[in-house]
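# Commentary on secondary and tertiary structure
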Amino acid sequence: MTNKKAKKSKAKAKSKAAAKRVVKLKSKKPAARKPAAKKPVSNGLPRPSSKPWGQAGKALDGVRILDFTHVQSGPTCTQLLAYMGADVIKVERPGVGDITRGQLRDVKGADSLYFTMLNGNKRSITIDSKHPKGREILDRLIKYCDVLVENFAPGALDRMGLTWEYIHKLNPRMIVASVKGFGPGPYEECKVYENVAQCAGGSASTTGFREGPPLVTGAQIGDSGTGLHLAFGIVCALHQRLRTGRGQKVLTAMQDGVLNLARVKLRDQQRLAHGPLTEYSQYGEGIPFGDAVPRAGNDSGGGQPGRILKCKGWETDPDAYIYFITQAPVWEAICDLIGKPEWKTDPDYAKPFARLPRLKQIFTTIEQWTMTKTKFEVMDICNKLDIPVGPILSMKEIAEEPSLRKTGTVVEVDHPTRGKYLTVGNPVKMPDSVTEVKRSPLLGEHTVEILSKVLGYSAAEMAAIKSSGAITAPEKAKAEAA
Ligand code: CAO
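Residues numbered from 1 in each chain as written. Predicted model: local features only at pLDDT ≥ 70, side-chain atom pairs only at ≥ 80, totals over all residues. Heavy atoms only, no water.

### A short note on the environment of T100
Residue placement: T100 occurs in the loop between β2 (87–92) and α3 (113–116). In this structure T100 comes out as buried when scored by relative accessible area, which is 0%. Separated by 15 residues in the primary sequence, T100 and F115 have C-alpha atoms spaced 5.3 Å apart. With near-sequence residues (within four places) excluded, T100 lies in contact with V71, S112, Y114 and F115. Engagement of the side chain of T100 in a polar contact is seen with the side chain of D98, the distance being 2.9 Å. (Helix = DSSP H or I, 4+ residues; strand = E, 2+ residues; numbered from the N terminus. Buried < 20%, exposed > 50% of the residue type's maximum accessible area, 1.4 Å probe, protein only. Contact = heavy atoms within 4.5 Å. Polar contact = N/O pair within 3.5 Å; in protein donor to acceptor, adjacent residues only side chain to side chain.)

### Let's talk about the packing of helix α8 (residues 224–244) against helix α9 (residues 254–261)
With their axes 9 Å apart at the nearest point, α8 and α9 run at an angle of 95° to one another. When the axes of α8 and α9 are compared, the pair comes out roughly perpendicular. On the side of α8, the interface is formed by G225, T226 and H229, while α9 contributes M254, G257, N260 and L261. Taken together, the residues of the contact of α8 with α9 sort by class into two nonpolar, five polar and no charged. (Axes fitted to C-alpha atoms, helices over the stretch in contact; angles between N-to-C directions. Parallel < 35°, antiparallel > 145°, perpendicular 65-115°, else oblique. Nonpolar A, V, L, I, M, F, W, Y, C, P; charged D, E, K, R; others polar.)

### Here we look at the nonpolar core
Among the nonpolar cores identified, the biggest contains 29 residues, and F68, L141, L148 and L451 are the most heavily contacted of them. Sorting the residues of this core by element identifies β1 (64–68), β2, α4 (132–144), α5 (156–159), α6 (164–170), α18 (447–454) and α19 (459–468) as the ones contributing at least two each. Per-element accounting of this core gives the leading share, four residues, to α4. Excluding residues within four positions of it along the chain, L451 makes contact with I125, I137, G456, Y457, M462, I465 and I471. Ranked by size, the runner-up nonpolar core spans 26 residues in total, among them L81, F182, I234 and V258. (Core = buried A, V, L, I, M, F, W, Y, C linked by side-chain atoms within 4.5 Å.)

### Overview of the confidence of the model for the chain
Per-chain confidence: the chain averages 91 in pLDDT, with 90% of residues scoring 70 or above. Here residues 17–31 is modelled with pLDDT under 50, and outside its nearest four sequence neighbours on either side it reaches zero contacts, counting other chains as well. (pLDDT = per-residue confidence, 0-100.)

### A short note on α4
The terminal C-alpha atoms of α4 lie 19 Å apart, and with 13 residues this matches the ideal 18 Å at 1.5 Å per residue to within 8%. Listed in full, the buried residues belonging to α4 are G134, R135, I137, L138, D139, L141 and I142. Each element contacted by the buried residues of α4 is listed here: β1, β2, β4 (147–150), α6, α18 and α19. (Expected span 1.5 Å × (residues − 1).)

### Quick notes on the packing of α18 against α19
Direction vectors running N to C along α18 and α19 enclose 140°, while the axes themselves pass 11 Å from each other. Judged by the sense of rotation from one axis to the other, the crossing of α18 with α19 is right-handed. Each of V448, L451 and S452 in α18 lies in contact with α19, whose residues at this interface are M462, I465 and K466. Tallied by class, the residues present in the contact of α18 with α19 amount to four nonpolar, one polar and one charged. (Left-handed = near helix turned anticlockwise from the far one by under 90°.)

### Looking at empty space enclosed by the protein
Inspection of the entire model under this criterion finds one cavity of 30 Å³ or more. Quantified by volume, the largest cavity comes out at close to 40 Å³. Along its surface, the largest cavity is lined by S281, G284, E285, R307, L356, P357, R358, L359 and K360. Broken down by secondary-structure element, the contributors of at least two residues to the lining of the largest cavity are α11 (281–284) and α14 (359–370). Residue composition of the lining of the largest cavity, grouped by class: three nonpolar, two polar and four charged. (1 Å grid on protein atoms, 1.4 Å probe; cavity = no way out; pocket = protein on both sides within 12 Å on 5 of 7 lines; lining within 4 Å. Points joined across faces, edges and corners; volume = space filled by probe spheres on them.)

### Structural notes on the pairing of β2
Counting buried residues along β2, five of its six residues qualify, which places the element largely inside the surrounding structure. With helix α2 (residues 73–83) bridging β1 and the parallel β2, this β-α-β connection has right-handed handedness. As paired strands, β2 and strand β3 (residues 122–126) are joined by five bridges and run parallel to one another. Within the sheet, the bridge partner assigned to E92 lies in β3 and is T126. (Right-handed = clockwise from strand over helix to strand, strands pointing away. Pairing = 2+ DSSP bridges.)

### Focus on the sheet that holds β1
The strand order across the open sheet built from six strands is β3-β2-β1-β4-β5-β6, with neighbouring strands paired in parallel fashion. The sheet is open, and its two edges are formed by β3 and β6 (249–253), each paired on a single side. Across the sheet, the mean angle separating the axes of adjacent strands is 20° when strand polarity is ignored. Sheet topology places strand β5 (residues 175–180) next to β6; five bridges connect them, and they run parallel. For V179, the partnering residue across the bridge sits in β6 and is T252. Along the sheet face, α18 touches β2 and β3 and points at about 90° away from the line of β3.

Take a look at the structure:
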């Protein structure tokens, strides 16, 4: 080895040893941090409960709701929160109450189904919110509760003196949640009911048949749909409050709620700029598209073409129909089922894109088969073959469906003045927060209980409140509500 070479290899060995030392040093560092890494990550949560599922209270136990809602949208929201365990105190006008108590009445003198089916699991207190003594009680309730939920006409809460500023000052932790018809903009002052929202949210213009007028749907996407959105907002605000300690306003406009549910139609509006909507039957029928999303009848909303088809008995039974989806992966099974095995290989039918202009003929052929079977027979046969179909169920069939009773989706409850009635239980099922559906309260049923036990009024104060007229109805209102 030359001197030069020897020097080079020495230097190499030196740098290798140095590198080893660095690795050693580096590898020592994590060892020093080891004890910290062992610490369980708790995120500040308590230890997992060892109680059996469903016996550790309810999801919203301890949450107090000041429920200023009426009609459908707001009550849908607060009923869901009550199903989840929140204590919902519904404030109603003395002698009158929520207007729906008397609307669409089927049993004389009893609260209507409209009311009872939207106000289960709540407590009712009557307070005249415009009476000075009534305002005093409300102030106490505001301090006591976590969330105020309301769906009055725009400005009504402010006119009661319950502005956001006032409430926030009284209880900075209070969440104030509102349903309004429209968000800020040209229509924000408007009063809105279900069908107005369906129309303004883009649902009606895209529902119905092309050749007919716009249609509203039976599902109450404007009211109940917005109530659901509001409930989501409230739970999020409650969660955020855990970090910030302060409440906030939660606003859900019915127009926004409907649009959110109709978002696939806004998707189609944008697709229109790039050509016809090939899954709409009007494409197959050669009818040109305009510049807005048309009504699509019963065409499937997704990429899998579908239609409502007649079943055995359709001539006399208005609900003897099935929704049939020609899902691509099961096309061959469909061909065999309807006696068209040749369509499996025919280039006009074999591939989804080739079928699009022929959907009318295809569904007419499938219908020839479905008309030979009842909707439940079609269901049985198709499900075994993994073909997605859905029977058109009447409300009678749903009310009598044993599996829905078993899961608590349809529940029978007893009521002191109207007797037994059916209601829709909690559509959200959770093993550790099991919903027990309770009947709706009578008007003011819990007024005394809330004043004395919740707000702590003394017997003398209660007597003063009673004689003030703040919780009792003037004779005229009583007579009108009867
Ligand atoms: N004590 C005293 N007054 C009370 C009261 C109480 N406990 N509870 C309500 N009131 C008063 C309100 O203060 C209001 O009075 P002012 O008009 O003088 O301010 C009055 O009752 C009527 O309230 P409202 O305007 O909300 O009710 P309405 O029947 O005229 O309108 C509706 C109903 C639904 C159109 C309207 O509330 C609204 O647009 N709400 C928002 C959108 C919504 O939720 N729509 C869904 C309805 S369900 O289809």
